[in-house]
Amino acid sequence: MPSGPDDVAVLVAKLRDVGGDRLFSQDARELSDQFAYVAGAHPEWFAPFREEVVVTELLDGFGPSFADQCVLLHGASDRCVDHLTAQLRRRSEFGDQWALAAIGTPAALDAVAWHVRNGGDREFYEECGVWVPPTGPAQYRFTPHRRAVFLHQGATATELAGATHPVGLPVDAVVRDPDRTPISWHYLTLRLAEVPGMPDWPVEQVHLISPRHWWDWSLTARFDEHGRYHSERVVAPEQPAEYDEDDGDLDALLPDDERDALGWVDLRPYDGDLVYCNGYIDLTPGVVGTAGGPPVSIYANPNCDSCGRLMFHVVSVEHRVRDYGDGRRSLFICEDCQLVTCNATSWN
Ligand SMILES: [Zn+2]
């Protein structure tokens, strides 16, 4: 991995060299992981190269995820914004759109709004967590600050009750009406204030939970003054027969030790100790996902049931934070309407 700004200059030169094979070669993937490392550990090393990468059109091979680009390209010059806008007047390339949204300056957010209102793909930006309101600049519906979510298994019930970010709370601790709730599983509770840049929120914690469905579901809820969910609404297509709640109990598919797994997570800033691979850090021992940052930028994200605004991304983890169903689990909020939405996507 690079060990200083000079090494980043070498990486940028390699970006030019891999040329037409940028997107698909092994070299390109390794380069991409190295840029992701720079984004996580030393983003300041990249700042001198932002303009070169954008203006001389090296974005095709640049590779890191949108989340990484939000760190590396953040605050790039208006010259970069002008260049990308000129490109988008001619053609819509996803690399140009990612870069423009990732720059995140007032000029860049104005340009994203201009693009969407002039034929650009609104859904593309919403998948990245960027919302274009009826008037004014585009808005980030996420905090660019990321925290690695580390799982610790094997808590006692007492430790669980005292944990800042518990995993495996009883359902009746997080819902107001346990007899009526469609919620059957608690993955994780998060204290919002531990992630910089989250919206003001009237209760301390939010809960990532699951209904009795395998994947591809969405659950929206309101919450009381203790943060317990109520007025839950589940949207889920028909599940495969073997996982249907009438045909087979999802809970029964789990081994006993996993069914009862209790623990907690802690949140740590990104640094040089994480394993950066293919746009994720999940190969790092103990890491199960990321709090903060944009949503996983390949799926549709929820719009608020009440006001229609794109919801604010809080956290995304793998189901194995506490085994139930399969795939990624994410939590979103609307701070205006005080609604929470949890959803489940499969892998990418
Ligand atoms: Zn709303």
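Residues numbered from 1 in each chain as written. Predicted model: local features only at pLDDT ≥ 70, side-chain atom pairs only at ≥ 80, totals over all residues. Heavy atoms only, no water.

With respect to the overall build of the protein chain
The following threshold applies: Helix and strand assignments follow DSSP, with helices taken as H or I runs no shorter than four residues and strands as E runs no shorter than two, numbered in order from the N terminus. All radius of gyration figures rest on C-alpha atoms, and the globule criterion is 2.2 Å times the number of residues raised to 0.38. We call two residues in contact whenever any of their non-hydrogen atoms come within 4.5 Å of each other. Each accessible area is a Shrake-Rupley estimate made with a 1.4 Å probe; only the visible protein chains count as cover when residues are assessed. When charges are counted, Lys and Arg contribute as positive and Asp and Glu as negative, whereas His and the chain ends are disregarded. In plain terms, the charge of a residue is placed at NZ if it is Lys, CZ if Arg, CG if Asp and CD if Glu.
Scanning the protein chain from terminus to terminus reveals eleven helices and 13 strands. Taken against the 2.2 N^0.38 rule, which gives 20 Å for 348 residues, the C-alpha radius of gyration of the protein chain at 21 Å falls within 12% of a compact globule. Principal-axis analysis of the C-alpha atoms places the extent of the protein chain at approximately 60 × 45 × 40 Å. Contacts spanning at least 24 positions in sequence make up 65% of the contacts within the protein chain whose residues lie at least 6 apart. About 15300 Å² of surface is accessible on the protein chain, with carbon and sulfur atoms providing 47% of the total. Taking the average place of the 28 positive charges on the side chains of the protein chain and the average place of its 55 negative ones, the gap between the two points comes to 5 Å.

What to know about the coordination of the zinc ion
This is how it is decided: Water is absent from the atoms considered, so a metal site may look incomplete; donors are defined as N, O and S atoms within 2.8 Å of the metal, or 3.2 Å for Na, K and Ca. Under the classification used here, a metal with four donors is tetrahedral if each angle lies between 85 and 135 degrees, square planar if opposite donors are over 155 degrees apart and the others between 65 and 115, a six-donor metal meeting that same test is octahedral, and anything else is irregular. Exposure categories follow from relative accessible area, calculated using a 1.4 Å probe and restricted to protein chains: below 20% of the type maximum is buried, above 50% is exposed, and the middle band is partly exposed.
Distances from the zinc ion to its protein donors, Cys 304 (SG), Cys 307 (SG), Cys 334 (SG) and Cys 337 (SG), fall at 2.3 Å. The site at the zinc ion holds four donor atoms, and with the angles between them running 107 to 112°, its shape is tetrahedral. The sequence motif formed by the donor residues of the zinc ion is C-x2-C-x26-C-x2-C. On the basis of relative accessibility, which here comes to 4%, the residue Cys 304 falls in the buried class.

Considering the domain arrangement of the protein chain
Note the threshold: Note: domain ranges come from an automatic or database domain assignment. A simple way to read buried area is as the amount of 1.4 Å-probe accessible surface that goes missing from two parts once joined, with both sides added. Whenever Lys or Arg places a side-chain nitrogen within 4 Å of a carboxyl oxygen from Asp or Glu, that contact is recorded as a salt bridge. What qualifies as a polar contact is a pair of N or O atoms within 3.5 Å, subject to a donor-acceptor requirement within protein and to the restriction that residues adjacent in sequence count only when both atoms come from side chains.
Per the domain assignment, the segments making up the protein chain are domain 1 (5-140) and domain 2 (146-345). Computed from C-alpha atoms alone, the centre-to-centre distance between domain 1 and domain 2 is 29 Å. Between domain 1 and domain 2, the contact holds 19 residues from the first and 21 residues from the second. Surface buried jointly by domain 1 and domain 2 totals about 1500 Å² across both partners, of which 56% is contributed by carbon and sulfur atoms. In terms of surface lost to domain 2, no three residues of domain 1 exceed Asp 33, Glu 127 and Trp 131, which account for 33% of the buried area on that side. The tally of links from domain 1 across to domain 2 stands at one salt bridge. Notably, a salt bridge pairs Arg 146 with Asp 68, separated by 2.9 Å at the nearest N-O pair. Counting across the interface, domain 1 meets domain 2 through five residue pairs in polar contact (both at pLDDT 80 or more). Going through the elements one at a time, helix H2 (26-41), helix H5 (66-72), helix H9 (122-127), strand E1 (130-131) and strand E2 (139-140) are the ones with two or more residues in the side of domain 1 that touches domain 2. Broken down by element, the side of domain 1 that touches domain 2 gets its largest block of residues, six residues, from H2.

Overview of the sheet that holds strand E12 (residues 328-334)
What counts is decided by this rule: Any two strands are treated as partners once DSSP identifies two or more bridges connecting them.
Reading across the sheet, the nine strands line up as E4-E9-E3-E10-E11-E12-E13-E7-E8 and stay open at both edges, with antiparallel pairing between neighbours. Strands with a single pairing partner mark the edges of an open sheet, and in this sheet they are strand E4 (166-167) and strand E8 (229-235). Here seven bridges tie E12 to strand E13 (residues 339-345), and the two strands are oriented antiparallel to one another. Counterpart to Cys 334 in the pairing with E13 is Leu 339.

Points about the packing of aromatic side chains
Let me state the cut-off plainly: Two aromatic rings, drawn from Phe, Tyr or Trp (for Trp, its six-membered ring), form a pair once their centres lie within 6.5 Å of each other, and the interplanar angle then sorts them: stacked below 30 degrees, edge-to-face above 60, tilted otherwise. Any Lys NZ or Arg CZ that is within 6 Å of a ring centre and within 35 degrees of that ring's normal is treated as a charge sitting over the ring.
Counting across every chain of the model gives eleven aromatic pairs. Here the aromatic rings of Phe 66 and Trp 98 are separated by 6.0 Å at their centres, their planes lie at 45°, and the arrangement is tilted. Taken together, the residues Phe 66 in helix H5 and Trp 98 in helix H7 (residues 94-103) connect sequence positions 32 residues apart. The pair formed by Phe 66 and Trp 98 is uniform in burial state, with each residue classed as buried. Every member of this aromatic cluster is reached through a ring pair, and the members are Phe 66, Phe 94, Trp 98, Tyr 140 and Phe 142. Stacked on the ring of Trp 131, the Lys or Arg Arg 122 has its end atom at 5.4 Å from the ring centre. In this arrangement the basic side chain of Arg 328 is found over the ring face of Tyr 280, its NZ or CZ atom lying 4.1 Å from the centre.

Topic: the pattern of salt bridges
With the rule as written, the count across this model stands at 16 salt bridges. Its salt-bridge partner being Arg 320, residue Glu 318 comes within 2.4 Å of it at the nearest N-O pair. Taking relative accessible area as the criterion, Arg 320 reaches 36% and is therefore assigned partly exposed. A cluster of three or more residues bridged by salt bridges with shared partners is formed by Arg 141, Arg 309, Glu 335 and Asp 336.

Observations concerning the confidence of the model for the protein chain
To keep it simple, the criterion reads: Per-residue confidence from the prediction method is given by pLDDT, with values spanning 0 to 100.
Here the protein chain averages 90 in pLDDT, while 92% of its residues score no lower than 70. Scored below 50 in pLDDT, residues 244-248 makes six contacts in the model with residues more than four places away or belonging to other chains.

Comments concerning unusual backbone geometry
At Ser 231, a position not held by glycine, the phi torsion is positive, near 55°. Its location among the elements puts Ser 231 in strand E8. A positive phi is found at Asn 278, a non-glycine position, where the angle reads about 55°. Mapped onto the fold, Asn 278 is located in the loop between strand E9 (263-269) and strand E10 (287-292).

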